[in-house]
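Close look at the chain arrangement
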Amino acid sequence: YQSSITRECSLPAETIDGYRVNVYANIEIFEEVAAVLDVGGEGVGLYRTEYAFMDRATIPDEAAMTTEYSELAALLAPRRVTYRTLDLGADKLSRQFGKLDEPNPALGLRAVRFTLKHPELFRQQVRAICRASQHGNVAIMFPLISGVNEIDQCKEVVRDVQRELAAAGIPHDPEMPIGIMVELPCAAFIADVLAQEVDFFSIGTNDLIQYSLGIDRINKHVSYLYQPLHPAIVRSIKYVVDSGHQAGIEVSVCGELASDPYCVPILLGMQVDNISITPHAIPGIKRVIRQTTMQDCKNLLREVLKARTVAETNQLVRDSVFKRF
Ligand code: PEP
Ligand code: MG
């Protein structure tokens, strides 16, 4: 019994009619690498590096980050590991930087806004990621990007660090892919523009839903309105995927939505390249993918895009599951 589960975990996430999608893991601490391998994760699509900075008496310095990121890259090679730079702020607080006096933290100095305000810290982390890139298949990704200007600033830091490493003879991968999280509605609206600037997109649906629907993702009083299949969300994701593909770049989805077996067929219908989800959800989602066809997913998506309400979408999804079994 155990061995048949293990065998199934190692099978690719491929639909009955041969469409393949990579299923990566979202992790928060290094130790999760064992779980990633156990469940058949095909890499790490999102390493939430900020967790090592949250509620800790001491935070990692550049040397510690370099060691950890390098070890992870080496352990998982040739599988891809995507390091997201610090996404501190809002609900992810660090004692080290003190509590910011912000009336609306989710709309405040978080993620890439925070790191651009702390250039030395940002540079240290970027240097650690660049140095890790020589040990495996490493990509770097920036959270909460709102426009071209922030991308330019982030890319400039990467290029500057790479020049410095090259000058010092320190090995690194100069071709390391540079991507962004698309998780703000403004970024989704101009996805066609942003796609020209980066090597990949990763859609962060947790924040995209929060900011598109105006629902605080951790506020229980409005959680009933946090609706992943709201027509506005489905259309946003579709537009981002299509824009990325038109520009010839890969598009992943790394929010919780991608670990929901009812949502995955819709994402497949859009032909996303990768999904990245919490490790324990990987076997079940791989199984959902292996039991469906791209044709069914495309048919479902076509109907879902016509839906006027979440209730209509939910009904379509339920019908399609019913038809399948
Ligand atoms: C997201 O916003 O969907 C995401 C994956 O990032 P986080 O949950 O860490 O904000
Ligand atoms: Mg996010």
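These lines cover the structure that appears in this document, whether it is placed above or below. (Residues numbered from 1 in each chain as written. Chains lettered and ligands numbered in written order. Predicted model: local features only at pLDDT ≥ 70, side-chain atom pairs only at ≥ 80, totals over all residues. Heavy atoms only, no water.)

**Regarding the state of the cysteines**
Counted according to the given criterion, the structure contains zero disulfides. The thiol of Cys154 is not disulfide-bonded; the next cysteine sulfur, from Cys130, is found 12 Å away. What makes Cys154 buried here is its relative accessible area of 0%. In this model Cys297 remains outside any disulfide bridge; the closest cysteine sulfur is found in Cys263, 12 Å from its own. (Disulfide = S-S within 2.5 Å. Buried < 20%, exposed > 50% of the residue type's maximum accessible area, 1.4 Å probe, protein only.)

**Things to note about the site of ligand 1**
In the vicinity of ligand 1 lie 14 residues, with Arg48, Arg84, Lys92, Asn206 and Arg217 positioned nearest. Between ligand 1 and the protein, one listed contact pairs an oxygen atom with a side-chain N or O atom of Arg84 at 2.8 Å. Separating an oxygen atom of ligand 1 from a backbone N or O atom of Thr205 is a distance of 3.0 Å. Protein burial of ligand 1: of its 290 Å² of free accessible surface, 99% is covered by the chains. Structurally, ligand 1 is housed in the largest cavity. Counting only elements with at least two residues in the shell around ligand 1, the list comes to β2 (43-48) and α9 (205-213). Of all the elements, α9 adds the most residues to the shell around ligand 1, at three residues. In terms of residue class, the shell around ligand 1 is built from three nonpolar, four polar and seven charged. (Near = heavy atom within 4 Å. Polar contact = N/O pair within 3.5 Å; in protein donor to acceptor, adjacent residues only side chain to side chain. Areas by Shrake-Rupley, 256 points an atom, 1.4 Å probe, with all protein chains shown as cover. 1 Å grid on protein atoms, 1.4 Å probe; cavity = no way out; pocket = protein on both sides within 12 Å on 5 of 7 lines; lining within 4 Å. Sits in = over half its atoms within 2 Å of the grid points. Helix = DSSP H or I, 4+ residues; strand = E, 2+ residues; numbered from the N terminus. Nonpolar A, V, L, I, M, F, W, Y, C, P; charged D, E, K, R; others polar.)

**Observations concerning the coordination of the magnesium ion (ligand 2)**
Protein coordination at the magnesium ion (ligand 2) comes from Glu183 (OE) and Asp207 (OD), with a distance range of 2.1 to 2.2 Å. Of this pair, Glu183 sits in the loop between β5 (178-182) and α7 (185-189) while Asp207 sits in helix α9, and the two are 24 residues apart along the sequence. Considered together, Glu183 and Asp207 belong to a single accessibility category, that of buried residues. (Donors = N, O, S within 2.8 Å, 3.2 Å for Na, K, Ca; no water.)

**Some remarks on unusual backbone geometry**
Residue Pro78 follows Ala77 across a cis peptide bond; omega there is 10°. Locating Pro78 in the fold gives a position in the loop between α3 (62-76) and β3 (80-84). Non-glycine residue Ala90 carries a positive phi angle of around 55°. Looking at the element boundaries, Ala90 is found in the loop between β3 and α4 (111-117). Although it is not a glycine, Gln271 adopts a positive phi angle of roughly 65°. By the secondary structure assignment, Gln271 is in the loop between α11 (264-269) and β8 (274-277). Take Gln271: its relative accessible area is 30%, and that puts it in the partly exposed class.

**Some remarks on empty space enclosed by the protein**
For the structure shown, the criterion picks out two cavities of 30 Å³ or more. By volume, the largest cavity is sized at about 80 Å³. What lines the largest cavity is a set of 14 residues, and nearest its centre among them are Arg48, Arg84, Met181, Glu183 and Asn206. Listed by contribution, the elements that provide at least two residues to the lining of the largest cavity are β2 and α9. The element best represented in the lining of the largest cavity is α9, accounting for three residues. Residue composition of the lining of the largest cavity, by class: three nonpolar, four polar and seven charged. Estimates place the volume of the second largest cavity at around 30 Å³. (Points joined across faces, edges and corners; volume = space filled by probe spheres on them.)

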